Amino acid sequence: MPEHISERDRLRGDCARCFGLCCVALPFAASADFAVGKPAGKPCANLGGDHRCGIHAELRQKGFSGCTVYDCLGAGQKVSQVTFGGRDWRRGSGEDARRMFDAFPVVRQLHELLWYLTEALGLAAARTVHADLRAALRKTEELSLGTAEELAALDVAAHRQEVNVLLLRTSELARAGVPGKKKDRRGADLMGARLRGADLRGASLRGAYLIAADLTGADLRDADLIGADLRDADLRDADLTGAFFLTQPQLDAARGNARTRLPASVTRPVHWTAVAVL
């Protein structure tokens, strides 16, 4: 198995080895994504004593679709089993619980960077920067293994900026081989945009707002989708073959069907409407 694929498998949430950290540490506000709100550090009312969600099979029906599109990318089990050595926050002191809840979002950000760096190492066109990418991967992994105190003191924003320079260069190299003029829509407001059948091959859509955009049948091959907001975007019949820096949570937040072509780094969301492939 290629190294970048086996590494990516490690960057997936494993709820069986976590103490329900995403259901406690993170805040959420009452909205279309969450039926009720709660502050950071307070357990969700649906969290059971076994650290399992009591309505997991009915999250969408109960108004908690926001939970269905979240993935800690492996940060939950790392904080639970590595940073805190398997100590349950319910059984420790209030201070220990607070330290765990503070560490979780930091490690989640570092794991997101690990996902992007791992993806970048799988792009043959970016081989000229692979050595730098591996160095950044090692450094990021080391940071994620820090103590709770080290994680609390870490300037994550500064580290993200360092890594982003490499990811930008990777994107340029990966898209350079795509023929024709490539669109640069970084950070663009494309909410609700009518992009049905649009030619976005090799485009940079970094941080673009594509909420509820109509991308039916769009050509997104080899596009850079890092940080793109795809909530409720219509990806039915779209071609995302070779698209990179696309995470599973991004895809889970979108709509698609059985004819949506996807890169190997993600899986087809189970809630997508299934239609026969013609």
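Rules behind the numbers
Residues numbered from 1 in each chain as written. Predicted model: local features only at pLDDT ≥ 70, side-chain atom pairs only at ≥ 80, totals over all residues. Heavy atoms only, no water. Salt bridge = Lys/Arg side-chain N within 4 Å of Asp/Glu carboxyl O. Buried < 20%, exposed > 50% of the residue type's maximum accessible area, 1.4 Å probe, protein only. Helix = DSSP H or I, 4+ residues; strand = E, 2+ residues; numbered from the N terminus. Phe/Tyr/Trp six-rings, centres within 6.5 Å; stacked < 30°, edge-to-face > 60°. Polar contact = N/O pair within 3.5 Å; in protein donor to acceptor, adjacent residues only side chain to side chain. Contact = heavy atoms within 4.5 Å.

(A) Local environment of the pattern of salt bridges. With the rule as written, the count across this model stands at 22 salt bridges. Across the pair Asp88 and Arg91 runs a salt bridge, and its minimum N-O distance is 3.4 Å. Assessed through its relative accessible area of 11%, Asp88 is described here as buried. In this structure Arg91 comes out as exposed when scored by relative accessible area, which is 72%. The residue Asp234 makes a salt bridge to Arg236 at a minimum N-O spacing of 2.6 Å. Members of the salt-bridge network, linked through shared partners, are Asp219, Arg221, Asp239 and Arg261.

(B) Here's a closer look at unusual backbone geometry. The backbone of Leu73 sits at a positive phi, close to 60°, despite the residue not being glycine. Structurally, Leu73 is set in the loop between helix H2 (65-68) and helix H3 (75-83). A relative accessible area of 2% means that Leu73 is categorised as buried. A positive phi angle, close to 65°, is found at Asp237, a residue other than glycine. Locating Asp237 in the fold gives a position in the loop between helix H7 (156-176) and helix H8 (248-252).

(C) Geometry of the packing of aromatic side chains. All told, the structure shown has 5 aromatic pairs when counted by the stated rule. Residues Phe28 and Phe64 carry aromatic rings whose centres are separated by 6.5 Å and whose planes lie at 85° to one another, so their mutual orientation is edge-to-face. Taken together, the residues span a long stretch of sequence, with Phe28 in the loop between helix H1 (3-10) and H2 and Phe64 in the loop between H1 and H2 at a distance of 36 residues. Owing to a relative accessible area of 13%, Phe28 belongs among the buried residues under this scheme. Judged by centre distance (5.5 Å) and plane angle (65°), the rings of Trp89 and Phe101 are edge-to-face. Remark: Phe101 occurs in helix H4 (residues 94-121) and Trp89 occurs in the loop between H3 and H4; sequence separation between them is 12 residues. Here Trp89 and Phe101 have matching classes, each one buried.

(D) Inspection of the side chain of Ser80 at higher detail. On the secondary structure map, Ser80 appears in helix H3. Among the polar contacts made by the side chain of Ser80, one reaches the main-chain carbonyl oxygen of Gly76 at a distance of 2.9 Å. Each residue touching Ser80, except ones within four places of it in the same chain, is listed here: Arg17, Cys18, Phe19, Leu21, Gly85, Gly86 and Arg87.

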